[in-house]
Amino acid sequence: MKELLKRFKPTFQVYNFFQKKKLLHNVPLYKKYGLRKRYYSSVSASDFEGLEEEVNTYDLKNSREALASSEKFQQLDKKIQQELLSWSDDGYVVLKNYFSSDEVASFNEKIDELLASKKVKFENGNKIMFAIHKSKLLFQIGAHKKIISILETLLDKEVTLFQSINFLTGSQQGAHSDSISMSTFPKGNLIAIWVALEDIDAESGPLYYYKGSHKLPYFMNKDYDNEGSTFFLGNKGYDAYLKNIQNLLDDNKLEKKHFLAKKGDVLIWHANLVHGGEKVLDDNKTRKSMVFHYYAKDAVAFHEITQRPTLKENFEGLFDSIKE
Ligand SMILES: O=C(O)CCC(=O)C(=O)O
């Protein structure tokens, strides 16, 4: 019975009904795509089936040739320009040495301070969610003009910061694409960065990712019989999703890479890049890192697995609302 209640969609809709401000962002987009939905309605990839879907610039054209004609790209410094070229081929890029040692030290200090003052806590195991809502300094890492400009170059559209996740130790997350939990229509309108807050050791459970996996078909509820019904979410759960992704990876024989980053390095990944956290081999090792997820402004944002629209803070007002 409890299991069934967790999958009962009207419960989410009632919750959403009271979150109007954070959910209005999808409404003009529902209109644009001819969907008769309210801000609190459930939403999933199946709602968009049969609609014409715009494909992002560098999913259509190769960034190696096409980036050169982007005005935003031309404004970036030469080192960064060079680092972005492989985006279309690989589904990720690495910005070496992006943050200085002093900057990283100040970020770590702030996280320690937030933990000590209990302004943030560990959730779902070892995740610190939304520390950006508690610290102007941390907010500014993700919302910094230069970072935004790099991400907007790669997506060729405007983005807004959605969430941050801090880890002090390895996540040990199974291989997944963010598009199952932070989904968009059109697809591909999420982008993420991973910031190394210390030198990353192979034994500490580094981030891994499969080169080129962003070109695999997006794997959504319908692909593993998890669509559910009008009133209930599908009953397959996340483990079944992970198993299916593993099968997809086995069939496609993609190269697995580990991000053995130096402190201050940044990895940017595509909405559909399959990635996860390696097993922690030495429990004494930390793996300090910070992830930021961003949505493109002009895409419907939702969570495929729970069929819920994304709750978005008002990005413009967020910085001023942070109390320190
Ligand atoms: O940092 C990691 O180990 C994985 C993070 C991740 O998968 C995510 O934030 O989507």
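Residues numbered from 1 in each chain as written. Predicted model: local features only at pLDDT ≥ 70, side-chain atom pairs only at ≥ 80, totals over all residues. Heavy atoms only, no water.

**Student:** For the site of the ligand, give the residues involved together with the corresponding values.
**Tutor:** Near the ligand you find 14 residues, and of these Ser 171, His 176, Asp 178, Trp 194 and Arg 287 are the closest. Take His 176: an N or O atom from its side chain is 3.1 Å from an oxygen atom of the ligand. A distance of 2.8 Å separates an oxygen atom of the ligand from a polar atom in the side chain of Trp 194. For the ligand, the protein covers 98% of the area, taking 290 Å² as the surface of the free molecule. Elements represented by at least two residues in the shell around the ligand include exactly β4 (159-167), β10 (275-277) and β11 (289-296). Here the shell around the ligand is composed, by residue class, of 6 nonpolar, 6 polar and 2 charged. (Near = heavy atom within 4 Å. Polar contact = N/O pair within 3.5 Å; in protein donor to acceptor, adjacent residues only side chain to side chain. Areas by Shrake-Rupley, 256 points an atom, 1.4 Å probe, with all protein chains shown as cover. Helix = DSSP H or I, 4+ residues; strand = E, 2+ residues; numbered from the N terminus. Nonpolar A, V, L, I, M, F, W, Y, C, P; charged D, E, K, R; others polar.)

**Student:** Tell me about helix α2 (residues 9-17), residues and numbers included.
**Tutor:** Listing the buried residues of α2 in full gives Lys 9, Pro 10, Phe 12 and Asn 16. End-on, the buried residues of α2 take up no more than an arc of 155°, which puts them together on one face. Of the surrounding secondary structure, the elements contacted by the buried residues of α2 are α1 (2-6), α3 (20-23) and β13 (308-309). (Buried < 20%, exposed > 50% of the residue type's maximum accessible area, 1.4 Å probe, protein only. Arc of directions from axis to C-beta. Contact = heavy atoms within 4.5 Å.)

**Student:** Give me the lowdown on the sheet that holds strand β7 (residues 207-210), citing residues and values where you can.
**Tutor:** Pairing in this open sheet of 3 strands is antiparallel, and the strands run β8-β7-β10 from one edge to the other. For this open sheet the edge positions go to β8 (256-258) and β10, each flanked by a neighbour on one side alone. The average angle at which neighbouring strand axes cross in this sheet is 25°, direction not considered. Sheet analysis places β7 next to β10, joined by 3 bridges and oriented antiparallel. Note that in β10 the partner of Tyr 209 across the bridge is His 275. (Pairing = 2+ DSSP bridges. Axes fitted to C-alpha atoms, helices over the stretch in contact; angles between N-to-C directions.)

**Student:** Would you mind going over unusual backbone geometry in detail, with residue names and values included?
**Tutor:** With an omega dihedral of -5°, the bond running from Phe 185 to Pro 186 counts as a cis peptide bond. Not every positive phi belongs to a glycine, and Gln 172 is a case in point at roughly 50°. With respect to the helices and strands, the residue Gln 172 is situated in the loop between β4 and β5 (183-185). Residue Gln 172 is classed as partly exposed on the basis of its relative accessible area, which comes to 43%.

**Student:** Explain the pattern of salt bridges to me, and be specific about the residues and the numbers.
**Tutor:** If you walk through the whole model with that rule in mind, you get 18 salt bridges. Here Lys 96 and Asp 265 are joined by a salt bridge, their closest N and O atoms 2.8 Å apart. Of this pair, Lys 96 sits in the loop between β1 (92-95) and α10 (101-116) while Asp 265 is found in the loop between β8 and β9 (266-270), placing the two residues 169 residues apart along the sequence. We classify Asp 265 as buried; its relative accessible area is 1%. Ionic pairing is found between Lys 285 and Asp 282, a salt bridge with its closest N-O pair at 3.9 Å. Connected through shared salt-bridge partners, Asp 201, Asp 282 and Lys 285 make up one network. (Salt bridge = Lys/Arg side-chain N within 4 Å of Asp/Glu carboxyl O.)

**Student:** Give me the sheet that holds strand β2 (residues 122-123): which residues, what numbers.
**Tutor:** Spatial ordering of the open sheet is given by β1-β9-β6-β11-β4-β3-β2, a layout of 7 strands whose pairing is antiparallel. Each end of this open sheet is capped by a strand with a single partner; those strands are β1 and β2. Where strand β6 (residues 190-196) lies against β11, 7 bridges are found, and the strand directions are antiparallel. Bridge assignment links Leu 190 to a residue of β11, and that residue is Tyr 295. Seen against the sheet, helix α11 (residues 136-143) touches β4 and β11 and runs at an angle of roughly 55° to β11.

**Student:** Can you break down the environment of Ala 296 residue by residue, with the values?
**Tutor:** Among the structural elements, Ala 296 can be located in strand β11. Through-space distance from the C-alpha of Ala 296 to that of Asp 156 is 9.4 Å; in sequence the pair is 140 residues apart. What Ala 296 contacts, discounting residues up to four positions off in sequence, is Leu 155, Lys 157, Glu 158, Val 159, Asn 189 and Lys 312.

**Student:** Lay out the side chain of His 176 in plain terms, naming residues and giving numbers.
**Tutor:** Mapping His 176 onto the fold places it in the loop between β4 and β5. Here Gly 174 takes part through its backbone oxygen, which lies 2.8 Å from a polar atom of the side chain of His 176. Within the structure, His 176 has its side chain in polar contact with the side chain of Asp 178 (distance 3.4 Å). Aside from chain neighbours lying at most four places away, what touches His 176 is Tyr 238, Tyr 241, Leu 242, Leu 273, Val 274, His 275 and Gly 276.

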